[in-house]
Amino acid sequence: MWDSFSFPSSPLRAKSIQHSDFTHLLLALVLMCKAYIIVSWSMSKCCLIGFLKGKVKASTVILWRKDRFAVVCEKDAVTRELVPVEMSTTFFQEQRGDWLNLVRPRGYLTARLLFHGMPLYVVNTHLNLGEQGYRQRQVEELTRHCQVLGEEGSVVVCGDFNVTPDSEEVQLLCRRAGLKDALAEKGCVEPTWSSRNPLTHGVLRECDHRCDFIFYRGLVGTGGHRMVNRRCRLALPFWGNTWLSDHFGIVLDLVLEPSMT
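Reading the values: the criteria
Residues numbered from 1 in each chain as written. Predicted model: local features only at pLDDT ≥ 70, side-chain atom pairs only at ≥ 80, totals over all residues. Heavy atoms only, no water. Helix = DSSP H or I, 4+ residues; strand = E, 2+ residues; numbered from the N terminus. Buried < 20%, exposed > 50% of the residue type's maximum accessible area, 1.4 Å probe, protein only. Contact = heavy atoms within 4.5 Å. Areas by Shrake-Rupley, 256 points an atom, 1.4 Å probe, with all protein chains shown as cover. Phe/Tyr/Trp six-rings, centres within 6.5 Å; stacked < 30°, edge-to-face > 60°. Arc of directions from axis to C-beta. Pairing = 2+ DSSP bridges. Expected span 1.5 Å × (residues − 1). Core = buried A, V, L, I, M, F, W, Y, C linked by side-chain atoms within 4.5 Å. Patch = residues over 30% accessible without salt bridge, like charges linked within 9 Å, V, L, I, M, F, W, Y side chains within 5 Å. Salt bridge = Lys/Arg side-chain N within 4 Å of Asp/Glu carboxyl O. pLDDT = per-residue confidence, 0-100.

**Student:** Even after reading the chapter, I still don't get the overall build of the protein chain, so can you show me in this structure?
**Tutor:** Scanning the protein chain for helices and strands turns up six helices and eight strands. Seen in sequence order, the protein chain has helices and strands lined up from the N terminus as α-α-α-β-β-β-α-β-α-β-α-β-β-β. Counting across all 261 residues of the protein chain, residues that qualify as buried make up 36%. Considering only contacts in the protein chain between residues 6 or more positions apart, those separated by 24 or more positions represent 70%. Summed over its atoms, the accessible surface of the protein chain is roughly 16,800 Å², and 60% of this surface lies on carbon and sulfur atoms.

Laid out in structure tokens, this is it:
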């Protein structure tokens with residue numbers, strides 16, 4: 001009977017199956033290599049390589065012009081104290097909600113300066129990108145820190161907050177820590193995350209918006225202060241077609257006027 005008859009296995013068919021498996025494996029390796037090349041190229045275009053492998057703690061940095069201070073010190077003995085006398089790095093207790101925190105923990109840097117004997121604190125931070133709840137807990141930590149600093153002297157807080165000016169996080173920081181949005185006071189509404197920046201292409205599909213801020217509180221001296229806004233943002237490449245960041249930089253000159261008493 002034909003239904004009880006079985007054909008022997010064909011060596012040709014077994015060889016064909018093995019060849020097919022090898023082809024699939026080779027195709028998978030090619031696709032993996034292609035994906036690696038695309039990811040590496042994309043990361044180099046959006047500055048992620050430097051962000052992930054850099055030596056800067058908490059992905060923030062505070063720079064000051066030593067030569068500029070040297071010139072000022074020669075002309076005015078009082079400003080010799082206007083140099084960082086203390087620096088500290090603080091990582092947020094809340095590191096969840098952003099996978100980048102696994103390789104570059106979020107936090108803030110604090111520099112303590114003296115101006116006519118009064119402390120002036122400069123705080124630079126970088127908050128989570130993603131779910132609001134985790135970022136809001138980071139804002140609460142930053143708010144408590146600014147409240148303590150505000151009791152001792154003047155405070156300037158700046159950085160990438162990954163939120164828009166009308167967000168709950170910004171409102172919380174301003175309301176509880178007594179901070180003011182310096183750029184908003186000068187009427188600067190230009191976006192710092194913009195499709196005009198080539199480093200934003202293919203990274204996040206978001207509308208242009210301002211997510212970088214400069215806040216201040218109680219600037220030194222009863223003589224008051226003046227804000228001179230020369231440029232709201234740096235929307236130009238550093239050199240040729242080299243862009244330093246996927247964000248446009250923001251610039252604000254604060255002219256401090258000490259008390260005359």
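**Student:** I tried to follow the packing of aromatic side chains on my own but got confused; where do I start?
**Tutor:** For any two aromatic rings, the description comes down to two numbers: the centre-to-centre distance and the angle of the planes. Summed over the entire model, instances satisfying the criterion amount to four aromatic pairs. Geometrically, the ring pair formed by F213 and F215 is stacked, given 5.3 Å between the ring centres and 10° between the ring planes. Both residues of the pair, F213 and F215, belong to the buried class. Following the ring pairs from residue to residue traces out a cluster consisting of F161, F213 and F215.

**Student:** Got a minute to help me understand helix α5 (residues 168-177) in this structure?
**Tutor:** For an α-helix, 3.6 residues make a turn, and residues three or four places apart therefore share a direction. Restricting attention to buried positions, one finds in α5 the residues E169, V170, L172, L173 and A177. On an axial view of α5, the arc spanned by its buried residues comes to 160°, and they lie on one face. Facing away from the buried surface of α5 by more than 90 degrees, the exposed residues are E168 and R175. In this structure, the buried side of α5 is in contact with α4 (132-152) and β6 (212-217). Once α5 ends, the next one or two residues include G178, with phi positive near 70°.

**Student:** Can you help me understand the pairing of β6 in this one?
**Tutor:** Working note: regular strand, side chains alternate between the two faces of the sheet. Of all six residues in β6, five are buried, a share of seventy percent or more. Sheet analysis places strand β4 (residues 154-160) next to β6, joined by six bridges and oriented antiparallel. Opposite G159, over in β6, you have F213 as the bridge partner. Where strand β5 (residues 180-181) meets β6, two bridges bridge the pair, whose relative direction is antiparallel. By the bridge assignment, D181 is partnered in β6 with F215.

**Student:** In this structure, what is going on with α4? I would like to understand it.
**Tutor:** Helix length check: α4, at 21 residues, gives a terminal C-alpha distance of 30 Å against a target of 30 Å (1.5 Å per residue), a fit within 8%. Looking only at α4, the buried set comprises Y134, R135, Q138, V139, E141, L142, T143, H145, C146, L149 and G150.

**Student:** Is there a simple way to think about unusual backbone geometry in this case?
**Tutor:** One can expect most non-glycine residues to show negative phi and most peptide bonds to be in trans. Unusually for a residue other than glycine, N162 sits at a positive phi of about 55°. With respect to the helices and strands, the residue N162 is situated in the loop between β4 and α5.

**Student:** How should I be thinking about the nonpolar core in this particular structure?
**Tutor:** Soluble, globular proteins show a tendency: their nonpolar side chains are buried together. Grouped together as the largest cluster of nonpolar side chains are 20 residues, with contacts concentrated most on L142, V157, F161, L173, L179 and F215. Mapped onto this core, the elements with two or more residues apiece are β3 (118-126), α4, β4, α5 and β6. Beyond its immediate chain neighbours, meaning those up to four positions away, L142 contacts F92, Y108, V123, T125, V157, F161 and L173. Formed by ten residues, the second largest nonpolar core is a distinct cluster that contains L120, A182, C188 and L252.

**Student:** I tried to follow the environment of L252 on my own but got confused; where do I start?
**Tutor:** Position of L252 among the secondary structure elements: in the loop between β7 (225-228) and β8 (253-256). Judged by relative accessible area, L252 falls into the buried class, the value being 14%. Residues L252 and A182, spaced 70 residues apart in sequence, show a C-alpha to C-alpha distance of 8.0 Å.

**Student:** I keep staring at a nonpolar patch on the surface and nothing clicks. Help me out?
**Tutor:** Taken together, the side chains of F22, L26 and V30 define a hydrophobic patch exposed on the protein surface, amounting to about 300 Å² of accessible area. Judged by relative accessible area, which is 52%, F22 ranks as exposed.

**Student:** Looking at this structure, how should I read the confidence of the model for the protein chain?
**Tutor:** Should the pLDDT be low somewhere, the predicted coordinates at that spot are not to be read in detail. Taken over all residues, the pLDDT of the protein chain has a mean of 75, while the share at 70 or more is 63%. Across residues 71-75, where pLDDT falls below 50, the model places three contacts with residues more than four positions away in sequence or in other chains.

**Student:** Mind showing me how you'd approach the side chain of E169 here?
**Tutor:** Relative to the helices and strands, E169 resides in helix α5. Accessibility expressed as a relative area gives 3% for E169, which makes it buried. Among residues more than four places away in sequence, those in contact with E169 are Q132, R135, Q136, V139 and V163.

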